[in-house]
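Tertiary structure, described
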2 protein chains.
Amino acid sequence: MTDSVLAFADAQLDASVERLAALMRVPSVSTDPAYAAECRRAAEQLAAELAELGFAARVADTPGHPMVVAHHDGDGPHVLFYGHYDVQPVDPLNLWTRDPFDPWIDTRADGSKTIVGRGASDDKGQLRTFVEACRAWKETEGRLPCRVTILFEGEEESGSTSLEPFLHAHAEELKADFALICDTLMWDRDTPGITIGLRGMAAGQVTVRGPSRDLHSGLYGGAARNPIQLLAGILGEMKDADGRVTLDGFYDGVPDTDPTVLESWNKLGFDAGEFLGEIGLRVPAGEAGRTVLEQVWSRPTAEINGIWGGYTGEGFKTVIPAEAHAKVSFRLVGTQDPDQVWDAFQAHVRRRLPEDCTAEFESRGPGSFAISLASDSGPLVATQAALDAEWGKSALLGCGGSIPVVNSIRSILGMDSVMVGFALPDDNIHSPNEKYELKSFHKGIRSWVRILGALGETARARAEAVIA
Amino acid sequence: MTDSVLAFADAQLDASVERLAALMRVPSVSTDPAYAAECRRAAEQLAAELAELGFAARVADTPGHPMVVAHHDGDGPHVLFYGHYDVQPVDPLNLWTRDPFDPWIDTRADGSKTIVGRGASDDKGQLRTFVEACRAWKETEGRLPCRVTILFEGEEESGSTSLEPFLHAHAEELKADFALICDTLMWDRDTPGITIGLRGMAAGQVTVRGPSRDLHSGLYGGAARNPIQLLAGILGEMKDADGRVTLDGFYDGVPDTDPTVLESWNKLGFDAGEFLGEIGLRVPAGEAGRTVLEQVWSRPTAEINGIWGGYTGEGFKTVIPAEAHAKVSFRLVGTQDPDQVWDAFQAHVRRRLPEDCTAEFESRGPGSFAISLASDSGPLVATQAALDAEWGKSALLGCGGSIPVVNSIRSILGMDSVMVGFALPDDNIHSPNEKYELKSFHKGIRSWVRILGALGETARARAEAVIA
């Protein structure tokens, strides 16, 4: 059954590319009010197409750019597919080879082709892999293997201001069994990835204050507390010699990496030396006894993102400053609580302050919990099987391309998200000459054909098992 | 004998003040080329006055503003007196009560008087205390109790560019037994101070480098070394929990504070709580077991004067920067070697670098050794006795007002300097409404009368002892 759908997708590829190009010709730059009408035109184009495919589709207004919402019946599980039709601005325009809103096809020496233009990958090309897969199912089988709700946002590149209010207002309509999202990266050109987790975040700024004013170190040096020295010592003690974070209770709720996931990573052929070598490093800085992939994907981190205090200009000034500052952030996994981590950081600092010094903390927003998919969850297993069938292999990825909508879907709709994407790190996302591999596009469409089929099969098998 | 000299100084006070005012009316601002002729006029006025007093005096050209050099015979030891006739600029002019170059006398409610105007204290008032003392000796006794060489500089407020070349070129002419300098502070209104030491200095900048470029902490956090974390830890370990500097060999050549000096400090009525309280602190930050005065005057220090790295602007950026920077300085005492200290700092940093990170060091000039006068040195003992006779008490001070000329006199002429000054911290030096207490001026003149007498007596006593 799926074979005929795949054959249709293959035969229709040129038409699919043309439909992608048509969407890319709409300059739906969401951050610039001058393009508001173009954003709406992109939404209307998509809604019309979905309606034509048999979806109950509409353009839904928001205080910002509109959403596209579409529903289609199906026997299998109910999935919510999320994508966004808005794109980044195109400046600097002079760095583009051609008009960013008049997409073109580039052919490489090895015969591989890319489509170039704003939105080629992020996210018009990616969302279209799903739409074209739905089309292939409908045109060949007259049905979809799952019940599908589609939500296309128009403000992803400009802060998603309307997203959460919209999810709240339409929670009943949008609620499904789980979400599918196509806005992430592949592992490499030949290996698609399923992003199974988003690390959470706690972050903020600390200011340590000592003397009531800047002092001349020749007059007060030695006796007066130097806030830079104090802050350096405090932050230095935030990690131990084994790279572990020393904040009290920091590792509460941090699970060991899932063995299935770890095994999947071990098969990736990941070269830690090469990974670090590309950024000029050799020695993994994270927790001793953890692989580099664990360090970047499944272990929590503490980073100082900025530090400043005293005289930082040319030359020299023998000053003892009144205060010193740092910005810190923590990436969280498992059930680590962002509030608890931020509190532990504050306690770590306060405990080390002499009684005549103070610290002021400014949290960066409310923080977020980590989200991750269990490696044995049904949708994940089915999706991975479908990708293995299409590509010969697949990868369970860590948290490479974090996308905030996953948090909103989790907290407002109570749903997990399976993130499958076919973008590549060299797609020039947000940059001039953004492109999407036609291989990504073609096999992406085929992947979704298979994923929808596999998800439907799972449900059918379960239903038959119940009947039997 | 000294009594008649003192009586003359008392009787002449009004004339002395008028002579000070006459010098202050010459706007000898050395940093502004527009005032070059005025600088020369001040030098000529002083040379003429010294010649009139019987000195062999001349204005000696330099590539910058001229020096005044004057010699007078005497039986006692040969002293070189140093002062400077140039002054700071006067902006912002609108903050002055009156014309800064038309000095006036202010009388307080308690009857005490000050002379106000640019240079009142720094250094025209101070150098004139010495000149007026010479005048009193000459007018009453027809002689000076010491052989006196005077050197007045005209570039102290603008970098002293010509000073060291001049000292080199005229070393034979300027060499004496020791130097006297009047350009420092009193301990308080009623307690003159002899500044007995200048701490040395080693200073520079360190840059710690990790990744070859700035990284997104979401992609590399955990595995990639964060130079800020690294630098913070390294600098944090520069001091231990007892406030001691941990650099290898840092305390080599650091003597315990001279008991005589320590005893003198204990008599000062210094209130550590008040000293720290004025700058908003309570807990001495220096070495445990040392008094606050030792911490700021006689112990070596390590200070971080500036630190910066990563994102330091508004908001947040989850960056792992390629490098982090700090400016550090060390104040040295005893025979601490600035090169050795700077090397020890470099070694401290390098020893803590992972093998894939590097550090770059930029030393701030050649550094300087500390200079200090032994508490039992003859000129110091005589000077202190003279001050005690005039004021009822005196203090051996640490390194409050460091003046670079002391280093030059030491290194080029091989002489110690006894620094006696009658300025007060509230004299508004370098600021609008600079003033000098007439009490400082009057008792300053009397102090020098006594010091010259005491130094002469020391030599006479020694000579008589040899004869007997």
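Residues numbered from 1 in each chain as written. Chains lettered and ligands numbered in written order. Predicted model: local features only at pLDDT ≥ 70, side-chain atom pairs only at ≥ 80, totals over all residues. Heavy atoms only, no water.

The name an unreviewed UniProt entry assigns to chain A is Peptidase M20 dimerisation domain-containing protein, from the organism Sphingomonas pokkalii.

**Quick notes on the overall build of chain A**
Keep this limit in mind: Strands are runs of DSSP state E lasting at least two residues, helices are runs of H or I lasting at least four, and both sets are numbered from the N terminus onward. Here the globule rule reads 2.2 Å times residues to the power 0.38, and the radius of gyration is calculated from C-alpha atoms. With a 1.4 Å probe rolled over the protein chains alone, any residue whose accessible area is under 20% of its type maximum counts as buried; one over 50% counts as exposed, and the rest are partly exposed. Any two residues whose heavy atoms approach within 4.5 Å are treated as being in contact. Where accessible areas are quoted, they stem from the Shrake-Rupley method and a 1.4 Å probe; at the residue level, only the protein chains shown are allowed to cover. In this tally, Asp and Glu contribute negative charge and Lys and Arg positive charge; neither His nor the terminal groups of the chain are included. Here the site of a charge means NZ on Lys, CZ on Arg, CG on Asp, or CD on Glu.
Secondary structure assignment for chain A yields 15 helices and 19 strands. The C-alpha atoms of chain A give 25 Å as radius of gyration, which agrees with the globular expectation for 468 residues (23 Å, within 12%). Considering only C-alpha atoms, chain A reaches an extent of 85 × 55 × 50 Å along its principal axes. Among the 468 residues that make up chain A, the fraction classed as buried is 59%. Counting contacts in chain A only where the partners sit at least 6 residues apart, residues at least 24 apart contribute 78% of the total. Surface summary for chain A: the accessible area is close to 17,900 Å², and the carbon and sulfur share equals 49%. Side-chain charges of chain A comprise 43 positive and 68 negative groups, with the mean position of each set lying 1 Å from the other.

**Overview of empty space enclosed by the protein**
Rules: Grid points spaced at 1 Å over the protein atoms alone were grouped into cavities, where a 1.4 Å probe fits but cannot get out, and pockets, open sets with protein on both sides within 12 Å along at least five of seven lines, with lining residues defined by an atom within 4 Å of a point. Grid points are joined across faces, edges and corners, and a volume is the space filled by probe spheres set on the points. Throughout, the ten residues Ala, Val, Leu, Ile, Met, Phe, Trp, Tyr, Cys and Pro are labelled nonpolar, Asp, Glu, Lys and Arg are labelled charged, and all others, Gly among them, are labelled polar.
All chains considered together, the criterion is met by four cavities of 30 Å³ or more. Looking at the largest cavity, its volume works out to about 80 Å³. What lines the largest cavity is A:Gly222, B:Lys239, B:Gly243, B:Val245, B:Tyr251, B:Gly286, B:Glu287, B:Gln295, B:Arg299, B:Pro300, B:Thr301 and B:Ala302. Considered class by class, the residues forming the lining of the largest cavity number four nonpolar, five polar and three charged. Taken as a whole, the second largest cavity spans an internal volume of roughly 70 Å³.

**A closer look at the pattern of salt bridges**
Residues and elements named next belong to chain A. Test applied: The salt bridge definition used is simple: a Lys or Arg side-chain nitrogen within 4 Å of an Asp or Glu carboxyl oxygen.
Here the structure, examined in full by the defined rule, presents 65 salt bridges over all chains. For Lys439, the salt bridge identified is with Asp190, shortest N-O distance 2.7 Å. Taken together, the residues Lys439 in helix α15 (residues 438-467) and Asp190 in the loop between β7 (178-181) and β8 (193-195) connect sequence positions 249 residues apart. With relative accessibility at 40%, the residue Asp190 sits in the partly exposed group. In this structure, Arg290 engages Asp256 in a salt bridge whose closest nitrogen and oxygen atoms are separated by 3.1 Å. Of this pair, Arg290 sits in the loop between α10 (272-277) and α11 (292-297) while Asp256 sits in the loop between α8 (227-236) and α9 (259-266), and the two are 34 residues apart along the sequence. Bridged by salt links that share partners, the residues Arg108, Arg189, Asp426, Asp427, Lys435 and Glu437 form one connected network.

**Here we look at the sheet that holds strand β17 (residues 395-397) of chain A**
Neighbouring strands of a sheet are bound in pairs by backbone hydrogen bonds; such pairs are parallel or else antiparallel. All names here are of chain A. Quick note on the threshold: Any two strands are treated as partners once DSSP identifies two or more bridges connecting them. The axes are straight lines fitted to the C-alpha atoms, using for helices just the contacting stretch, and the angles between their N-to-C directions are given from 0 to 180°.
On the basis of which strands lie adjacent, the open sheet formed by eight strands has the order β1-β2-β6-β3-β7-β18-β8-β17 and mixed pairing. Looking at the sheet topology across the chains shown, the edges are occupied by β1 (56-60) and β17. Going from strand to strand, the sheet's axes swing by 20 degrees on average, the running direction of each strand aside. Direction of pairing for strand β3 (residues 78-84) relative to strand β6 (residues 147-153): parallel, over a ladder of seven bridges. By the bridge assignment for β6, Leu80 is matched with Thr149. Packing of helix α4 (residues 124-141) onto the sheet brings it into contact with β2 (67-72), β3, β6, β7 and β18 (417-421), and relative to β3 it is tilted by some 140 degrees.

**Here we look at the sheet that holds strand β18 (residues 417-421) of chain B**
Residue and element names in this part refer to chain B. Spatially, eight strands are ordered β1-β2-β6-β3-β7-β18-β8-β17 in an open sheet, and the strand pairing comes out mixed. In this open sheet, the two strands that pair with only one neighbour each are β1 (56-60) and β17 (395-397). Strand after strand, the sheet turns through a mean of 20 degrees between neighbouring axes, direction not considered. Running over the sheet, helix α4 (residues 124-141) touches β2 (67-72), β3 (78-84), β6 (147-153), β7 (178-181) and β18 and is turned about 140 degrees from β3.

**Quick word on the side chain of B:Ser447**
Residue and element names in this part refer to chain B. The line we're drawing: Throughout this description, a polar contact denotes any pair of N or O atoms lying within 3.5 Å of each other; where both atoms belong to protein, one of them has to be capable of donating a hydrogen while the other can accept it, and for residues adjacent in sequence the pair is counted only when both atoms sit in side chains.
Examined against the element boundaries, Ser447 turns out to sit in helix α15 (residues 438-467). Of the polar contacts made by the side chain of Ser447, one reaches the side chain of Trp391; its length is 2.8 Å. Not counting the four nearest positions on each side in its chain, Ser447 is found in contact with Leu387, Glu390, Trp391 and Phe422.

**Here we look at the packing of helix α2 (residues 13-24) of chain A against helix α3 (residues 36-52) of chain A**
All names here are of chain A. Filter applied, for reference: Between 65 and 115 degrees an angle is taken as roughly perpendicular, under 35 as roughly parallel, over 145 as roughly antiparallel, and anywhere else as oblique.
Where α2 contacts α3, the two axes come as close as 10 Å, and the packing angle between them is 150 degrees. Viewed along their axes, α2 and α3 adopt a mutual orientation that is roughly antiparallel. Listed contacts from α3 to Arg19, Ala22 and Leu23 of α2 are Ala42, Gln45, Leu46 and Glu49. Across the contact of α2 with α3, the residue classes tally to four nonpolar, one polar and two charged.

**Comments concerning the packing of helix α3 (residues 36-52) of chain B against α4(B)**
Residues and elements named next belong to chain B. For clarity, the cut-off: In this scheme, a crossing is called left-handed if the near helix is turned counterclockwise away from the far one by less than a right angle; it is called right-handed if the turn is clockwise.
Put simply, α3 and α4 touch, their axes get as near as 10 Å, and they point 20 degrees apart. Of the possible angle classes, the one that applies to α3 and α4 is roughly parallel. Crossing hand, α3 versus α4: left-handed. Across the interface between the two elements, Leu46, Glu49, Leu50 and Glu52 of α3 pack against Leu127, Arg128, Val131, Glu132 and Arg135 of α4. Its residues placed into classes, the contact of α3 with α4 shows four nonpolar, no polar and five charged.

**Topic: the nonpolar core**
As a reminder of what qualifies: As used in this record, nonpolar core signifies buried Ala, Val, Leu, Ile, Met, Phe, Trp, Tyr and Cys residues forming a set joined through side-chain atoms within 4.5 Å.
Core analysis: the largest hydrophobic core is formed by 83 residues, its most contacted members being A:Phe152 and A:Trp448. Per element, the largest residue contribution to this core is nine residues, and it comes from α15(A). Residue contacts for A:Phe152: discarding those within four places in its chain leaves A:Leu46, A:Leu50, A:Pro66, A:Met67, A:Val68, A:Phe81, A:Gly83, A:Tyr85, A:Leu127 and A:Val131. In terms of nonpolar packing, the next biggest core, distinct from the first, is built from 81 residues, B:Ala9, B:Phe275, B:Ala386 and B:Trp448 among them.

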